[in-house]
Structures are given as C-alpha cells and as structure tokens.
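Chain by chain, the residues:
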Amino acid sequence: MTPVTPVADEPGTPATAEAVPQDPVEARARHDELARILRDARYRYYVLSDPPMTDAEFDALFRELEALEVAHPSLVTPSSPTQQVGAPIDTAFPPAEHPQPMLSLDNAFSRAELEAWADRVRRALAAAVGAAPDEEQAEPADAPRMRFTCELKIDGVAIDLVYRDGVLARGATRGNGVVGEDVTAQIATLEDIPYRLDVDDPPALLEVRGEIYYPLAAFEAMNEARIERGEAAFMNPRNAASGALRQKDPEITRQRPLSLWCHGLGALEGIDFASHRESLAWLREAGLPTDPQTTVVEQVDEAWDFVERWTSARHDVSYEIDGVVVKVDDLEQRQQLGFTARAPRWAIAYKMPPVEQETTLLAIEVNVGRTGKATPYAVLEPVLVSGTTITYATLHNEIQVRAKDVRVGDRVMVRRAGDVIPEVVGPVLGARPPDAQVWSMPHDCPFCGEPLVRPEGEAHHLCENVDCPNRLLESLSHLAGRGALDIEGLGEQTVELLVAEGLVTDLADVFRLKDRRDELLALEKWGEKRVDNLLAGIEAGRQQTLDRVLVALNIRHLGPTYAKALVRARSSLQAIRDATPEELEAIDGIGPVIASAVHSWFATPRNAELIDELIDLGVTTTADPGEVGPVDDQLAGWTVVVTGTLEGFTRDEAKEALESRGAKVTGSVSKKTSAVVAGADPGSKRDKAEGLGVPVIDESGLLHLLDHGRLPDA
C-alpha cells in the first residue's frame, strides 16, 4: 500500500441560516448549547433508537456548529461532535473494537457542494503526484484520472463484519467508530449474512462494512400487526432495524426480516484490490449482497445525474434511502487522499430532501370502514412531502394517538416514506399551544350515531351497525372489487350514485337491480349499453366462487387465503354458518381470531337476514367440486415473489394460481426465495434477486412452473 500523503483540510462553507456570533463569549455559549443537543441526539439515535429530531434538523444544527468552529477555531476540541463519530456504546452488549475505525461521512446538500468536494479531491491528487494545478484550467493536464462510485445511501444500521479465514468471527455496530457493540449472535440469524464465505482461498482477515435495513414492505406489515395488537408503531424502518438488532435474545432478531447491503471494506490481510468496484464484485462472488444500483461514473456531472435520478426515484426501491454516497473508486488514490479526524476525504454523502415535514394539526376526525372499524385521521394544513401535497394522514387508533401524544393545534412532523399512506410521526412539543387538549375517541359513530365499541383485547373501536351509511359505501365498493365479486361497472362513483338515488340500501340490493332496469336508464347519462354492462357484471358476480362470496361479505380479518381454507373444509355457506367457533378453529389455517370473527358475523341477526336474502337472490352458496379438498401440492415448499405487470394475469390471479399449487407467495426477496416472477417494470425486486442469485423468470416461465412444477431449462 502507498503511504498516506497528508493533505490540508479544506472545509467548504457550511450552509446555515443562523448568523455566526462574532463575540467569543456568545460564540462559546452557543457552541456549548449545540454540542449538548447534538451529543444527546446522537445517543438517542444510535443507542436508544429514539431520535429526538428529524435528520434535517440534526444536519442544520451540525452545520451551524461547523460554522461556529470555522469562525472561532479555538472552539474545536476532540470532544466536539464535529470531531466524533457515532455515539457512546450501549453497555448492554460486550464492546467490540473494530480492526479499522468506522468513520462518518461529510455531507453535501447541493450540486455546488458536491462539485466543490470533487474539486478538492482533484487538486489533492494532483498535488500528491506533483502536478501543479492551473487555476485557469478545469483540470491540470497531468492530473491523475478519477472515477467515482455512486451508491444509494441506505437509511439503516451500520454494521462491521469480521471474517477470519473465511468464517464469520464477529459482527459489531458502529458505536463510537472505534469500539462498537458485539452483536455477533444477532447478525448470525440474518439470511443475507453467510457464516462461511463462498471462496476457495479465503483471506486471513476480511473486514466488511455494510448497512442492515428493514425492507419497507415487511416494515409496513409489522407496524400494521403492532397497531392491531394495540402496540406502539415504530417511527421508521431505521428504528425498527436498530431495535431488532439490539434484541438480547437472538431468536427475536431471527423473527425480524432484516436484510443487508455491503458497501465497503476495512482491514484486510491476505487479499488486495485495485478499485472499489473490484472489491464489490469479489464480495458478491463470496456470497455477500451488494446493492445492484451501485454505478461507476467518469465525471462529477454524471454523479450529479445519478443523484437527481434517485432523488426522484427514491421510493422505487424496497428499502429506505436518504441520500447518495459518492466515492473515489481507485483505492490507491484513496490512500493518497487520507482522512480527517472523522471522515475520509475520498467520499461524500449527498443528503436528499427529508421525507418528513412540519405542519399544523387542524383537526382529528374519524372514518368508519367496511368492517365497521373506526379509524382516526389527522386533518392537516397542506404540506409538500416528497413531491406530494399532504392534507390527511392516518393516526390508526386511539392508542396510537395517545402514544404519540398529538393534539389538535400542535405543530407535527408528517412522514411519507415509500408509497405508503402518510402518517403523523409526532408533535413538536416546544411549539404546543398552552390550551391543547388530549384527544379521545368519540362515543358515537359520526355517520350513523350508533355507539362506538372497543372489543375486549382489541385496539380498535367499531361501529357495529351494518347499515351505517359510510360503512355501506365502503362495503359495496369492496363487494364489487377485484378480490371479491369483481363486478364490472360497479366502481366507487357508481356505488355513491346508486346509494344517493336510493336504488341500493344494502349488499343484497345489488342483485335486485336487474328488476330496476328502467330506473337505471332514467339516471343522467345512463344509456342502455351502460346499464346492460352493469347488469351483466352483476350477473357474473352472482356466479363467482364461494370463497369470493365470503370475501365480499366484509367479515373482519377474513381475506382470500382464509376464505379458501374455510371453503375447502366446509363446502357451503350453511355449513360455515352452522359451525361452532371450536369447529372453525380446528380448520387447518384458521386461528382463533378468524374463527371468532366468522362465527360472530354469522351469529349477528342482521347478517343472518342478509345471508337469507343472498340465497334467495341466487348468489353462490355451495362450492364447486374443484374448490373442495386439498390443494395441488406440486409447488409445496416453494417461495415465490411476483413483481411488475404481467399480460395474462393480474397480480392476484398469479398469486392465486401459485398458492393453489402449494407455493407460498411473499412480497420480499431473500436467499430463501425459490424464484421471482418479473413482468414489465419489475423494480428493485428483480435486481435484488439477481444480486442474491435467485432465479428470475418471465411470464412464460411462470406458465411452465405452473404446468410442470419446476423452472424451465436454462
């Protein structure tokens, strides 16, 4: 290795909206205040997984601290947050000293700052080889050639993996950059982390740097389950990943679907690389996952193009990102550039605009859905978050409102990560109005006036009136939806019109519309073709399979998979209706929650009356022979992911076809995935599959798999 050539630090001008105090006493007081705030924030972020502020707020305070130290160099001490990395380690875990320190990264917030960094790098490398830079030239004629590696900055938990002779010896968190927390037992449970490297001649020492993250789909599913159980939801995927990794019981970590991307190396013995991209290729071959989005470019303009592209497409990947890391690719040049006290000079992190913004909570209202669940939501002063204007945001249930302690009139942080429903993260307590009141769920339904009840052991309140006006609207839209009776022409606007005109007052009325053709024709802009198409769609819906009829009934917790399980065990509506909770729970795949929900629904007099009406109206009440009995098990043991748009299947149809043959269909890709079916615009799931070596098939491959129970020959 070439010895490190000292290069003078050339800090950029820190961007801060605050005027830097010129008075030394005032500057020191502000410096002390900022240092205290930032140290506390780091500790709560890294150790407690409970950040007291947004990343954007932290960055603004940090840059103000940097500006103070530029104006008053005497304030720079080894204990300043600008000179430190990470936070004190958590004493709940054994300490683990890193073979090579894990430093932080300097940040850029604009194209100008990224270009200024690249210019410093260029001049430093020119000085290292004795090429005097010409101020009039963009680049010295004899300056070394530079390439940059552009990587997505994953918002997760930094991890340090140490392999000795090809075997995992230790895993540790960043900690303070020199000493981290030993979480070897926890990371050993992750599917993405191999115990033994897949190489013939492993190096004596390989220190791998990466980021452990919570896949967004899994994060949303976990939070949804926690909310259903009345538990506080995690604020963001990064907190969830940190919490899962810091479980004292590794079995709990094993149950969390954490993933890993590797992005660099630390100490090495017995192996060497010329470039960063070469090292990433070696890691992939050795069985460690690297992000397929990583790109090598020749010019800083191309690096900025990468930044702009992914700032717009930040929600197109299955994990949360908050920036782009740009690195010098040549490892010899990195040695020449060296490090500052806290960061390498050869890398910089561009920070994307935050996915959280502050606004005012104007009101808390309650919506009632198709199953009667009453859900509070926030009415907000409109705010632009990640390119979308947010006016409403979910608050889930009364327990979550209390846990977050949000009140009408509060300034609140609103988040929109990925393509999920916007939510309120929490209040800005320092801006709370003195008269802000704790919110409680109203006693009565805002749509029908009937009491709202909270069943014992559940987190949600319910409106139990099946004729509740708002519940009816959502129930009808669900009944007509693709996952239920799939009635062509009965969309949300049509439902609202039919209810407003008094033509439909309950679910059964949909199937009485055939006798009200003249009234349909009398509707404004309704001609014979539209009416006939709607009636034909209703007739087709009447003949849908029994499992779809069950889904259409809006029974709490009962989705397509559980409906199929019921139909395989009990082949008629009457048989399901007559079953006791114990008999339902004994059905394979049906647990006590679903058994109780199904039995309670059928035992309700108004629902029993509805079933009698549906039977009289000729809706399917008995399963066809093909629906009864065990599923075809030719794909038993397979785990398949479907992504992108298929021509011959909807996503639900592809899932149904695979599950009917015994396969498990999931939403995220891991090493245990048997195959990924990729249609048009497959997104990042295809990339991850290729990075993990998981087979990827197209629609013809799916048909082959369904017909033959195996992948097509290569």
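(A) Looking closely at unusual backbone geometry. Backbone geometry places His-396, a non-glycine residue, at a positive phi of 70°. Here His-396 is to be found in the loop between strand E14 (388-394) and helix H11 (398-404).

(B) Spotlight on the pairing of strand E12 (residues 356-368). The pairing of E12 with strand E15 (residues 411-415) spans five bridges and is classified as antiparallel. Following the sheet pairing, Glu-356 is matched in E15 by Arg-415. Sheet topology note: the E12/strand E13 (residues 373-385) ladder contains seven bridges and is antiparallel. Paired with Asn-367 across the strands is Thr-375, a residue of E13. Between the end of E12 and the start of E13, which pair antiparallel, lie four residues, with Gly-372 showing a positive phi angle near 95°.

(C) Fine view of the side chain of Gln-544. Within the element layout of this structure, Gln-544 appears in the loop between helix H15 (528-542) and helix H16 (546-552). With residues near it in sequence (within four places) discarded, Gln-544 still touches Ala-484, Leu-485, Asp-486, Val-549 and Thr-620.

(D) Focus on the nonpolar core. Counting 53 residues, the largest nonpolar core has Val-510, Leu-520, Leu-550, Leu-566, Val-598 and Phe-602 as its most contacted members. Going through the elements one at a time, helix H12 (469-480), helix H13 (492-500), H15, H16, helix H17 (560-569), helix H18 (573-578), helix H20 (592-603) and helix H21 (605-616) are the ones with two or more residues in this core. Formed by 34 residues, the second largest nonpolar core is a distinct cluster that contains Val-121, Phe-148, Ala-313 and Val-328.

(E) Quick look at the confidence of the model for the protein chain. When pLDDT is averaged across the protein chain, the result is 85; 90% of the residues are at 70 or more. Segment residues 1-18: pLDDT under 50, and 28 contacts once partners within four positions in sequence are set aside and those in other chains are kept.

(F) Just H13, in detail. What H13 keeps buried is the set Thr-494, Val-495 and Leu-498. Buried residues of H13, viewed axially, fall in a sector of 100°; they line one side. Every exposed residue of H13 that faces more than 90 degrees away from the buried side is listed here: Glu-492, Gln-493 and Ala-500. Residues of H13 that are buried in the fold lie against H12, helix H14 (517-521) and H15. Following H13 by one or two positions, Gly-502 has its phi on the positive side, about 80°.

Parameters and conventions
- Counting restarts for each chain: residues are numbered from 1 in the order of the written sequence.
- Residues qualify for local features only when their pLDDT is at least 70, as the model is predicted, and side-chain atom pairs are given and counted only at 80 or more; totals for whole chains, interfaces and linings, by contrast, use all residues.
- Each side-chain value is derived from all of the structure's non-hydrogen atoms; neither hydrogens nor water enter the calculation.
- By the criteria applied, helices consist of DSSP H or I runs no shorter than four residues and strands consist of E runs no shorter than two, each listed in order from the N terminus.
- Pairing between strands is defined by DSSP: at least two bridges between them are needed.
- The contact criterion used is simple: two residues touch if any of their non-hydrogen atoms lie within 4.5 Å.
- Here, the term nonpolar core denotes a set of buried Ala, Val, Leu, Ile, Met, Phe, Trp, Tyr and Cys residues that are joined through side-chain atoms within 4.5 Å.
- Partly exposed describes any residue whose relative accessible area lies between the buried limit of under 20% and the exposed limit of over 50%, with all areas from a 1.4 Å probe on protein chains only and scaled to the type maximum.
- What pLDDT reports is the predictor's confidence in each residue, on a scale of 0 through 100.
- What the arc describes is the spread of directions from the helix axis to the C-beta atoms.

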